[in-house]
Each structure stands twice: as C-alpha cells, then as structure tokens.
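Notes for the structure review
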Amino acid sequence: MVMAVGAAPAASEPAIRCGNCREPMRRLLLPGHYGRTVEVDLCRHCHLVWFDMTETARLSGPALLELVGTMAGTQALPHRTLDPQAGCARCGASLKTVHNRSRWGQSLQLECRAGHGAYQTFAQFLQEKGLLRPMSRIDRARLLQRQGRVDCVNCGAAVGQNDETCPYCGSVPSLLDVARLARALDPEGAIVSQRVHRDAARQQALQCSACGAALPPGQSVDCAQCGATLAISRLAEAHERVATLGPALRAHAARPAPEVVKRRLEVLDADLPRRREFAAKMQAEAAQRRGHGSLADGVDWGDLLGSGTNPLRAVLIALLVWFVWYFWG
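This write-up is about the structure you can find in this document. One numbering rule holds for all chains: residues counted from 1, following each sequence as written. Predicted model: local features are reported for residues with pLDDT of at least 70 only, side-chain atom pairs are reported and counted for 80 or more only, and whole-chain, interface and lining totals are derived from all residues. Water and hydrogen atoms play no part in the side-chain values, which are based on all heavy atoms of the structure.

For helices, the axis comes from a line fit to the C-alpha atoms of the stretch in contact; other axes are also lines fit to C-alpha atoms, and the angle between any two N-to-C directions lies between 0 and 180 degrees. Secondary structure elements are defined from DSSP: runs of H or I of at least 4 residues count as helices, runs of E of at least 2 residues count as strands, and each element is numbered from the N terminus. Contact geometry of helix α5 (residues 178–185) with helix α6 (residues 235–242) gives a least axis separation of 10 Å together with a crossing angle of 55 degrees. Compared by their axis directions, α5 and α6 come out oblique. Viewed along their axes, α5 and α6 form a crossing whose handedness is right-handed. Contact with α5, carried on its side by V178, L181, A182 and L185, involves A238, R241 and V242 of α6 and no other residues of that element. Only Asp, Glu, Lys and Arg are considered charged, only Ala, Val, Leu, Ile, Met, Phe, Trp, Tyr, Cys and Pro nonpolar, and every remaining residue, Gly among them, polar. Residue composition of the contact of α5 with α6, by class: six nonpolar, no polar and one charged. For classification, angles of less than 35 degrees are called roughly parallel, those exceeding 145 degrees roughly antiparallel, those between 65 and 115 degrees roughly perpendicular, and all remaining angles oblique. Note on convention: near helix rotated counterclockwise from far helix by under a right angle means a left-handed crossing. Clockwise means right-handed. Note on definitions: a residue-residue contact is assigned when non-hydrogen atoms from the two residues lie within 4.5 Å.

Right under this line is the structure:
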C-alpha cells in the first residue's frame, strides 16, 4: 500500500538525528515511481536533505513538488552552519565530499564513509536536478529594485549585492528556473497545457525563448515584453508558481493518459533490438563459463527471441503486458 505524502513515520521507526545539529530530522514519505514510497529525511534547521541510497532518482513529480514545498517552508527558520565535524545521520561516521556528474553538470554531496547515505544542501539538490543558474550582477540589481532584497535559494537569507556567497550558509547566489522546474515535475509532458509550461525553459542569448523579444545583456529574471518568468531567487515563490500542477500530476500518476502509455510502449519496442543483443551476449558468456554443463544451457535464447512460435516467449510477453497494464494502466 502506498502511504500518504508526508505521512508520519511508524512508532517503531524513530526519527533519525541530523549529524550536524543533532536535532531530530523530519521524515517525509513521498510517492515514488510505480506506486512505491520513497523515504527522505530533512533537517529544517541546517537546510539539509538526507538520502539513504538512490531516493533522489526515484522521486515522482508529485514527490518533487512536495519536497520543494517543504524546503521552502523551512527557510523561515534561522540557518545553522555546517560543522566540519558533522557525521552520518545513521552511524555518526565521518563524511566525504563526493563530486557527481549529471546531465546538468557537476553536483556535490556529503557521503557517509560507511555507505549509509548522503546529505545535500537544498541548493545542491536543486543543482543536481538542473534547476539552478548563476546569478549575475544585473540580476541582483533587478531583484533589489523589484523586491528590495535578494534571497539565498538555499537558506532564504538576504544576500548583499556584492556578496560572492551567502553570508549565512556559504551557497553561491543562484536563480531557480521556474519553467525547468515545471518540466522536472512533468518530464513526460502529460500536463503540458498548463499555464506554467509557457514560461521559458531557458534563456537564449539576448532573446526571450518564450516570445522571441530582445533582452538586454545579462537579463535573466523576466521578459519585459511578454512577462514570462525566467528565474526566481525565492524558493517559496517558485513553489507557489508550480503548486497549481499538483492535482494534475497526482491524477496522471494514478492513471496515465493513453497517449502517454503509448509513448512508453513505443520506447520499450524501440529498445527491443538492444535487449535481444544483450540477452544473446549474456547467454554466450554464461555458456562459455559453465561449459554447457547445466540445465540452463538447454534454453535456446536465440530461438526465444526469434520470429518463430515459442510457448515460453508467449508466457513472457503475457507477463510483460500484465506488468505494463498493472503499473501504467
């Protein structure tokens, strides 16, 4: 059974303590892909998230929306700086800085040396997802003129016009790309008709990618011609803009549209030649290692994946159809 988003942990599972401030962390039970639940622990004081293993990759759109909203809600609390002696939330062991590379570039995390999990600051998590962009001096001047201050996207504190890093948490001042956040919530484009999707996905050089109007050099906050929001420094404001996607995202997760299911099946079908090649290669390697000495060697994988009639293949196809119907139907 899938547990409700943000549900409280069971009494038998006490909250773990932050390895930085030693306060109990808030446990979030978020919806993952294929009906699974993803557990994430968050420290409201240190603005850290703790992932035991690969939870960040298993977060669904509604889960990411809930997590960003929770992050934004904690920024009203005073920030506690990161202690160099901070330890693992599970075992207290020392941490090591790990440099990861994603499709969006480099990202950082503090990983337990015993392999129990890793911390990320809010900014590091958003950077890993490709949602942040550097803030120029022109951006800062425009934000100061428009809202009277510049907010740190990590801890929510005020950043001065000449500060190279946040004076409270040390994060590099950045802007959060609202349109890219909307696409991260809905990577399949199932609810692309929603208004927030019309914001620019990224700023093109001297041109608004929402309407094509010319932009002054360095401008990346909004477009004076069409009003499209290009980036925001306040995490709460960014969450507010995409929160309207929540009901549609949850409806899509519960029952994907037929065209989305069709696209998923087309992707699986296009990948069939590669999977056939992989199965044949694995069979050849297994036969070579075992010297054809086991009953498994009697299975002709080439015949199974060929064009002729094969009862075993029919059973496997039936199981695949049931799997697709059960999880995506």
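Back to the write-up after that little detour.
Contact geometry of helix α8 (residues 258–270) with helix α9 (residues 272–290) gives a least axis separation of 4 Å together with a crossing angle of 40 degrees. Classed by the angle they form, the pair α8 and α9 counts as oblique. Taking contact as the criterion, the partners of L268, D269 and A270 in α8 are, on α9, L272, P273 and R275. By residue class, the composition of the contact of α8 with α9 is four nonpolar, no polar and two charged.

We count a salt bridge whenever a side-chain nitrogen from Lys or Arg sits within 4 Å of a carboxyl oxygen from Asp or Glu. The tally for this structure, following the rule as stated, stands at nine salt bridges. Of the charged contacts, one joins E39 and R90 as a salt bridge, the two residues approaching to 3.7 Å between their closest N and O atoms. Taken together, the positions of E39 in strand β2 (residues 37–43) and R90 in the loop between α2 (61–74) and β4 (95–102) put the pair 51 residues apart, joining distant regions of the chain. Taking the relative accessible area as the measure of exposure, E39 reaches 22% and is therefore partly exposed. Of the residues examined, R90 reaches a relative accessible area of 38% and is grouped as partly exposed. A salt bridge links R90 to D52; the nearest nitrogen and oxygen atoms lie 2.7 Å apart. Within this pair, whereas R90 is found in the loop between α2 and β4, its partner D52 is found in the loop between β3 (48–51) and α1 (55–58), the two being separated by 38 residues in sequence. The buried label applies to any residue whose accessible area, calculated with a 1.4 Å probe on protein chains only, is under 20% of its type's maximum; exposed applies above 50%, and partly exposed to all values in between.

By this rule, a helix spans an expected 1.5 Å times one less than how many residues it contains. Its 14 residues give α2 an end-to-end C-alpha distance of 20 Å, which sits within 8% of 20 Å, the value for a rise of 1.5 Å per residue. Within α2, twelve of the 14 residues are buried, which leaves the element mostly enclosed by the surrounding structure. Among all positions in α2, only G61, P62, A63, L64, L65, L67, V68, G69, T70, M71, A72 and T74 are buried.

Glancing now at the nonpolar core. Note on terminology: a nonpolar core comprises buried Ala, Val, Leu, Ile, Met, Phe, Trp, Tyr and Cys residues joined through side-chain atoms within 4.5 Å. L67, F125 and L126 are the most contacted members of the largest nonpolar core, which has 33 residues in total. For this core, the leading source of residues is α2, giving seven residues. Those residues in contact with L126 that sit more than four places away from it in its chain are V68, L131, L132, V153, L176 and L235. The next biggest cluster of nonpolar side chains, apart from the first, holds 15 residues, and it includes C43, W50, A89 and Y119.

Okay, the packing of aromatic side chains next. The criterion for an aromatic pair is that two Phe, Tyr or Trp rings (for Trp, the six-membered ring) have centres within 6.5 Å, with stacked assigned to planes under 30 degrees apart, edge-to-face to planes over 60 apart and tilted to the rest. Applying the stated rule across the entire model yields two aromatic pairs. With centroids separated by 4.7 Å and ring planes inclined at 65 degrees, the aromatic side chains of W50 and Y119 adopt a geometry described as edge-to-face. Placement of the pair is W50 in strand β3 and Y119 in strand β6 (residues 118–121), with a sequence separation of 69 residues. In terms of burial, W50 and Y119 fall into one category: buried. Ring plane angle 25 degrees and centroid distance 5.8 Å describe the contact between F51 and F125, whose orientation is recorded as stacked. Of this pair, F51 sits in strand β3 while F125 sits in helix α3 (residues 122–128), and the two are 74 residues apart along the sequence. This pair shows no difference in class: F51 is buried, exactly as F125 is.

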